[in-house]
Amino acid sequence: MAELRTARTTRTNAGPGRLLIAVYLLFAIAATSRAGLQIATKFDEAPLAYLLSALAAVVYIVAAVGLARAGHTGRRVALACCTVELVGVVGIGAFSLVRPDLFPDETVWSGFGSGYGYIPLLLPILGLAWLAKTR
Amino acid sequence: MSHSAPYSRRQGDCAYGLPGWRIETDRTAAAPQTGVTSRRSPTAGVTGGPYGALLRRLVEWGGERLERRATPVSGTGSPIDGVPAVAAIVVSLLVAAWALVATLRHRAPDRVQLIGLAVLELILLGLAVLAGVALAGGERPGEPGAFFGYLVTLVCLPPLAAVLARMEPTRWGSAIVCAICLVTPVVVVRLQQTWELLGG
């Protein structure tokens, strides 16, 4: 009985979850290298955009780790990250349309992630759906 | 007719889309003017997003090949253009398609996928060697930081796919291979773009 419960609650890192982790990993790599490079070489051009890129990078890394670690804590971490992501991608997406002057250079989340095929918008939704399904 | 004609015409405007008409006439009117640039028209509608860039790239590459065949030029272009890059893109998309079929058929990653990833990795390593040779010859990428970032990422992608696929011997392992093999061509194109910025 107890085994069944743990088996059901720790499965965020198997099956479709592994695909989700893989995509999160890709975005963690993309966002980290992009933000690192931008902050290292041309931080003054668009500090807000680059700091947000860095924030996105951190969130993707933590979300990937949270999903991969699977346990109770991992689930909560992943839940928090997916929520932050969803708020971030929608908020920054809208903000980059309303006030483009604040974003002279692109972030991962500007234009609702249009530079990345809108996958940044899709990922947190899939993440939350997956967390809900495996609960 | 005098009563119903205006009404029915207005209805027709809404239903059948007068804008469609207008676009049609505009297109025929503009066609002679854009005759010069019509070579790019096959990709005109889908040039947005990462795959738009990829498609544009392939069309441009095809055009360049034709031009090169007409007038042979000594290789002064980017080291990561040409046959190896296109081979990488094609192999990657083939593996992605195969992995997608496996996913839809509920199949775990098979040997074909792993061999495909190995071939892809060899081509990508070849690209890296070409870039290294060009660097040793004194050529420099337009954006060095981004170029090396993309190059390192690119070379790591197929092994990442292979490791994750071995960890997940279900249909979702095939899905992972498919996803990573769809990302790889985009990274190849970005790599080419980061080389060219300075020279162009």
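Residues numbered from 1 in each chain as written. Chains lettered and ligands numbered in written order. Predicted model: local features only at pLDDT ≥ 70, side-chain atom pairs only at ≥ 80, totals over all residues. Heavy atoms only, no water.

- As annotated in an unreviewed UniProt entry, chain A carries the name Membrane protein and comes from Micromonospora qiuiae.

**Examining the overall build of chain B**
So, step 1. Per the secondary structure count, chain B includes six helices and zero strands.
So, step 2. When its helices and strands are written in sequence order, chain B yields α-α-α-α-α-α.
So, step 3. Contacts spanning at least 24 positions in sequence make up 80% of the contacts within chain B whose residues lie at least 6 apart.
So, step 4. Summing over all exposed atoms, chain B offers an accessible surface of approximately 12000 Å²; the carbon and sulfur share of this is 66%. (Helix = DSSP H or I, 4+ residues; strand = E, 2+ residues; numbered from the N terminus. Contact = heavy atoms within 4.5 Å. Areas by Shrake-Rupley, 256 points an atom, 1.4 Å probe, with all protein chains shown as cover.)

**Quick notes on the nonpolar core**
So, step 1. Tyr24, Tyr60 and Leu67 of chain A are the most contacted members of the largest nonpolar core, which totals 69 residues.
So, step 2. Sort the elements by how many residues they give to this core and helix α6 (residues 171-199) of chain B lands first, with twelve residues.
So, step 3. Apart from residues no more than four positions distant in its own chain, Tyr60 of chain A is found in contact with Tyr24, Phe27, Ala28, Ala31, Glu85, Val108, Trp109, Pro120 and Leu123 of chain A. (Core = buried A, V, L, I, M, F, W, Y, C linked by side-chain atoms within 4.5 Å. Buried < 20%, exposed > 50% of the residue type's maximum accessible area, 1.4 Å probe, protein only.)

**What about the interface of chain A and chain B?**
So, step 1. With 14 residues of chain A at the contact, the number on the chain B side is 15 residues.
So, step 2. Between chain A and chain B the total buried area reaches about 1200 Å² when both faces are included, carbon and sulfur atoms providing 81% of it.
So, step 3. In terms of surface lost to chain B, no three residues of chain A exceed Arg18, Leu19 and Leu26 of chain A, which account for 45% of the buried area on that side.
So, step 4. Counting the contacts that link chain A with chain B gives one salt bridge.
So, step 5. Here Arg18 of chain A makes a salt bridge to Glu168 of chain B, at a shortest N to O gap of 2.7 Å. (Buried area = accessible area lost by both parts, 1.4 Å probe. Salt bridge = Lys/Arg side-chain N within 4 Å of Asp/Glu carboxyl O.)

**So, the UniProt feature "transmembrane region" (unreviewed entry) in chain A**
All names here are of chain A.
So, step 1. The feature "transmembrane region" (unreviewed entry), as annotated in UniProt, sits at residues 51-70, 77-95 and 115-132 in this numbering.
So, step 2. Annotated as 95% helix and 0% strand, the span residues 51-70 places its first and last C-alpha atoms 29 Å apart.
So, step 3. Measuring from the first to the last C-alpha atom of residues 77-95 gives 26 Å, for a span that is 100% helix and 0% strand. (UniProt positions renumbered as here; feature names shortened; annotations may be inferred.)

**Regarding the environment of Leu20 of chain A**
All names here are of chain A.
So, step 1. Note on placement: Leu20 falls in helix α2 (residues 16-42).
So, step 2. Taking the relative accessible area as the measure of exposure, Leu20 reaches 8% and is therefore buried.
So, step 3. In this structure, the C-alpha to C-alpha distance between Leu20 and Pro124, residues 104 residues apart in sequence, is 9.8 Å.

**Comments concerning the packing of helix α3 (residues 47-69) of chain A against helix α4 (residues 72-98) of chain A**
All names here are of chain A.
So, step 1. Put simply, α3 and α4 touch, their axes get as near as 8 Å, and they point 150° apart. Judged on the interaxial angle alone, α4 and α3 are roughly antiparallel. Judged by the sense of rotation from one axis to the other, the crossing of α3 with α4 is left-handed. The segment α3 lies against α4, with Leu52, Val59, Tyr60, Val62, Ala63, Gly66 and Leu67 engaging Gly74, Arg75, Val77, Ala78, Cys81, Val84, Glu85 and Ile92.
So, step 2. Considered class by class, the residues forming the contact of α3 with α4 number eleven nonpolar, two polar and two charged. (Axes fitted to C-alpha atoms, helices over the stretch in contact; angles between N-to-C directions. Parallel < 35°, antiparallel > 145°, perpendicular 65-115°, else oblique. Left-handed = near helix turned anticlockwise from the far one by under 90°. Nonpolar A, V, L, I, M, F, W, Y, C, P; charged D, E, K, R; others polar.)

**Some remarks on helix α4 (residues 111-136) of chain B**
So, step 1. Between its first and last C-alpha, α4 of chain B extends 37 Å over 26 residues, near the 38 Å set by a 1.5 Å rise per residue.
So, step 2. For α4 of chain B, the full list of buried residues reads Gln113, Gly116, Leu117, Leu120, Glu121, Ile123, Leu124, Leu127, Ala131 and Ala134 of chain B. (Expected span 1.5 Å × (residues − 1).)

**Describing the pattern of salt bridges**
A side chain with one charge can pair with a side chain of the opposite charge if their charged atoms come near.
Residues and elements named next belong to chain A.
So, step 1. Applying the stated rule across the entire model yields two salt bridges over all chains.
So, step 2. Ionic pairing is found between Arg99 and Asp101, a salt bridge with its closest N-O pair at 3.1 Å.
So, step 3. For Arg99, a relative accessible area of 37% translates into the label partly exposed.

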